[in-house]
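Structure at a glance
Each chain, letter by letter, is given below.
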Amino acid sequence: MEIIQMKPKVLSQKIIAHVSDEFARTYQLPEDHQSVAFFSVDNDDSGYLAVDDATKKANIRVVHAETFYGGSLCSWSKYGGSVFIMFSGPKVADVRSGLGYVNDFVEKRTALYNFDGDTGTAFYAQCIPRVGKYYQELCGMEEGTSYAYLVGGPIETNYALDKALKAGETQVVKYWYPPSHANSSGAILAGSESACRSATLAFVDALRYATQHPFDI
């Protein structure tokens, strides 16, 4: 089966240079953060990885990030996409820089995939050599840790995750029980870069087998 790339897109983005005190209170912004940026992407996984990447390079903190129920096909707006992500920074230049890194990651450094052009077999599998501050905090990973981000359909993904865990010295630091908000399932596996790359390759190979043989046990 041929692996086909599906490029994600940032659908909308906005910056508030100086938020009101009530807005800051509602989102519990850090006291020294006066600026926020938020964006939507048509694939939630790419949005999460993009903002984690941005936290390595810009002086920002992720305030809120959540997948929409049902994903982009059930969005309330043509700009809503599959996820809403907001981050804050001390100055408008900080959040503007963060958005720049988000756009660069989504446009050039990530992709969703499927087998043989069938979007019903879509999956996300990417090895990240160094975790950003967002996933350090959310998943309890140490600075410098690598991780494999693995997501797909619930049945084939859970079959493939076991194969991925057997492929290298990794551990589950986040797991999405099926069905997730987007009706998928998946996990973040942490470990060395080589272990995470091995896990990612094993995950894709097992997904391919599960997709080709849906009734084999």
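Our structure's up above, just so we're on the same page.
Let me begin by describing the structure that accompanies this report. (Residues numbered from 1 in each chain as written. Predicted model: local features only at pLDDT ≥ 70, side-chain atom pairs only at ≥ 80, totals over all residues. Heavy atoms only, no water.)

A count of helical and extended segments in the protein chain gives six helices and ten strands. For 217 residues, the compact-globule estimate of 2.2 N^0.38 gives 17 Å, and the protein chain sits close to it at 18 Å. In the protein chain, the proportion of contacts linking residues at least 24 apart, taken out of those at least 6 apart, comes to 70%. Within the structure as shown, the protein chain displays about 11000 Å² of accessible surface, and the carbon and sulfur contribution to it stands at 51%. Both charge centroids of the protein chain, one from 19 positive and one from 25 negative side chains, sit 5 Å from each other. (Helix = DSSP H or I, 4+ residues; strand = E, 2+ residues; numbered from the N terminus. Rg over C-alpha atoms; globule rule 2.2 N^0.38 Å. Contact = heavy atoms within 4.5 Å. Areas by Shrake-Rupley, 256 points an atom, 1.4 Å probe, with all protein chains shown as cover. Lys, Arg positive; Asp, Glu negative; His and termini not counted. Charge placed at Lys NZ, Arg CZ, Asp CG, Glu CD.)

Turning our eyes to something else, we now look at unusual backbone geometry. A cis amide bond links Pro178 with the next residue in sequence, Pro179, at an omega value of -5°. When you line up the elements, Pro179 lands in the loop between strand 9 (170-176) and strand 10 (185-191). For Asp116, which is not glycine, the phi dihedral falls at a positive 60°. Inspection of the secondary structure assignment puts Asp116 in the loop between strand 6 (112-115) and strand 7 (118-128). Phi is positive for Asn183, which is not a glycine, with a value near 65°. Turning to its location among the elements, Asn183 is positioned in the loop between strand 9 and strand 10.

Once that is clear, we can look at the sheet that holds strand 8 (residues 146-152). By definition, the strands of a sheet pair up through backbone hydrogen bonds, in either a parallel or an antiparallel sense. In space, the six strands of this open sheet follow the order 1-6-7-8-10-9, with antiparallel pairing throughout. Single-partner strands in this sheet number two, and they are strand 1 (3-6) and strand 9. Shown here is a sheet whose adjacent strand axes are inclined to one another by a mean of 25°, direction ignored. Looking at chain direction, strand 8 and strand 10 are connected through seven bridges and run antiparallel. Opposite Gly152, over in strand 10, you have Ser185 as the bridge partner. Sheet strands in contact with helix 5 (residues 154-167) are strand 8, strand 9 and strand 10, and its direction is about 15° off that of strand 10. (Pairing = 2+ DSSP bridges. Axes fitted to C-alpha atoms, helices over the stretch in contact; angles between N-to-C directions.)

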